[in-house]
Amino acid sequence: MKFYYFPYLFLSLFSSLLTSQNDTITVKTGNLLYGEIKKLRAGVLTMETPFSDSDFAIDFKQVKTISIQRKCFIVLNGGTRLTGYVKSNSPNTFTFTSEDGFQKTYDLNELAILDQLYDRFWRRFSGNIDFSYNLTRANNTQQYILGGGLSYRGPEWISWFKVNSLDSRQDNTENIKRTEINAEVQRMLSRSWYLLGNISYLSNTEQQLNARYGIRAGAGRFLALNNKLQWGLYSGVNLNLESFSDATPDRESTELFIGTRLDLFDVRNFDFNTNLNVFRSISEGGRWRVDYALNAKWDLPYDFYLKTALQFNYDNQAAATGSDFDYIFSTGIGWSFN
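Predicted model, so just to flag it, every value in this text is computed and none were measured.

1. Digging into the overall build of the chain
The secondary structure content of the chain amounts to 1 helix and 22 strands. Long-range contacts, defined as pairs at least 24 residues apart, comprise 48% of the intrachain contacts of the chain with a sequence gap of at least 6.

2. A closer look at the nonpolar core
Ranked by size, the top nonpolar core spans 23 residues in total, and within it Ile25, Ile74 and Phe94 carry the most contacts. Listing elements by their share of this core, those giving two or more residues are strand S1 (23–27), strand S2 (32–41), strand S3 (44–48), strand S5 (63–67), strand S6 (72–76), strand S7 (81–87), strand S8 (93–98) and strand S10 (111–116). One finds Ile158, Met188, Leu196 and Phe222 within the second-largest nonpolar core, a separate group that totals 8 residues.

3. Topic: empty space enclosed by the protein
Under the definition given, this model contains 1 cavity of 30 Å³ or more. Asp130, Phe131, Ser132, Ile145, Asn164, Lys307, Ala309, Ser330, Thr331 and Gly332 are the residues that line the largest cavity. Going through the elements one at a time, strand S11 (125–136), strand S21 (304–315) and strand S22 (325–337) are the ones with two or more residues in the lining of the largest cavity.

4. Things to note about the pattern of salt bridges
Where charged atoms from two side chains of opposite charge come close, those side chains can pair. Here the structure, examined in full by the defined rule, presents 17 salt bridges. A salt bridge links Glu242 to Arg212; the nearest nitrogen and oxygen atoms lie 2.8 Å apart. In this pair, Glu242 is assigned in strand S17 (residues 229–244) and Arg212 in strand S16 (residues 209–225), connecting sequence segments 30 residues apart. Judged by relative accessible area, which is 7%, Arg212 ranks as buried. Among the ionic pairs, Asp315 bridges to Arg287, the shortest N-O distance being 2.5 Å. In this pair, Asp315 sits in strand S21 while Arg287 sits in the loop between strand S19 (270–281) and strand S20 (288–299), placing the two residues 28 residues apart along the sequence. Here Asp315 matches Arg287 in class, with each residue buried.

5. Here we look at the side chain of Asn238
Topologically, Asn238 is positioned in strand S17. A distance of 3.2 Å separates a polar atom in the side chain of Asn238 from the backbone nitrogen of Ile215. Once you skip the residues sitting within four places of it in the chain, Asn238 turns out to touch Gly214, Ile215, Arg216, Ser253, Thr254, Glu255, Phe257, Phe279 and Arg289.

Conventions and cut-offs
- Residues numbered from 1 in each chain as written.
- Predicted model: local features only at pLDDT ≥ 70, side-chain atom pairs only at ≥ 80, totals over all residues.
- Heavy atoms only, no water.
- Helix = DSSP H or I, 4+ residues; strand = E, 2+ residues; numbered from the N terminus.
- Contact = heavy atoms within 4.5 Å.
- Core = buried A, V, L, I, M, F, W, Y, C linked by side-chain atoms within 4.5 Å.
- Buried < 20%, exposed > 50% of the residue type's maximum accessible area, 1.4 Å probe, protein only.
- 1 Å grid on protein atoms, 1.4 Å probe; cavity = no way out; pocket = protein on both sides within 12 Å on 5 of 7 lines; lining within 4 Å.
- Points joined across faces, edges and corners; volume = space filled by probe spheres on them.
- Salt bridge = Lys/Arg side-chain N within 4 Å of Asp/Glu carboxyl O.
- Polar contact = N/O pair within 3.5 Å; in protein donor to acceptor, adjacent residues only side chain to side chain.

Here it is as structure tokens:
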């Protein structure tokens, strides 16, 4: 063999080695891409390639075949959850193989969510942090809002933690403060059902609420789950513990709650979710409360984003000197990581 063939042979073998050790996709233009497929969300497949400094965001409608080396957690349209291996044996389909060897072929458009299951536990986490700050000359007003969160997704367990804090200061008036913390764990059951446990904390000066702790347990069901949206209902029991900054006595009550959450996916570089919780006391006559939240996020380069958020709380039996309701509307910039 001529020596000048060696570079070409080496490049060919090296290319084959890379392809065999990486995930691959074929798009409808016929191009083959290889690298590491990270996730599928909102109809967008995220892929890290060895020849690019940043991840590729690929419209999943343009994908013709897919092959992933690691074990995956997937969710199909309708809510079916599976853990195993994904590989296309024919265009516009994929074959799912479970760990015990069971195989079934699906259309690619049935795939709603995909995550690779990394051996390292920390790789299953993702998070974000965002911040906004306002400064005005009038009354020497300063206001900042700090928020963030951390989430974990596995084949059977989903959990998340969120915090949002407001501090507003100005001359000749009392400071305004508000802090809200939520943590939830969900245990996935068959198909679209799940169990949930939730711990929450709320403090705000508008309602003279020194602290409100909630301990919830219940169950939920996804009514719609596909590449365009996720919508579900949940219900259960809540233990409500409260203390106030005025003369209102501390309270401890038991409540029934029902809630709904909607996530919209079908808009590029845009995330939208909203959830509503209604609490009806079974230990305090005639008392009911409402918690509502809305979040919109526009993705920017390098994992930064712009965020707009609204939180609203209503209580028909608030503290003696407090308001029945409180709300906060905020905008700011943030950064996400995983």
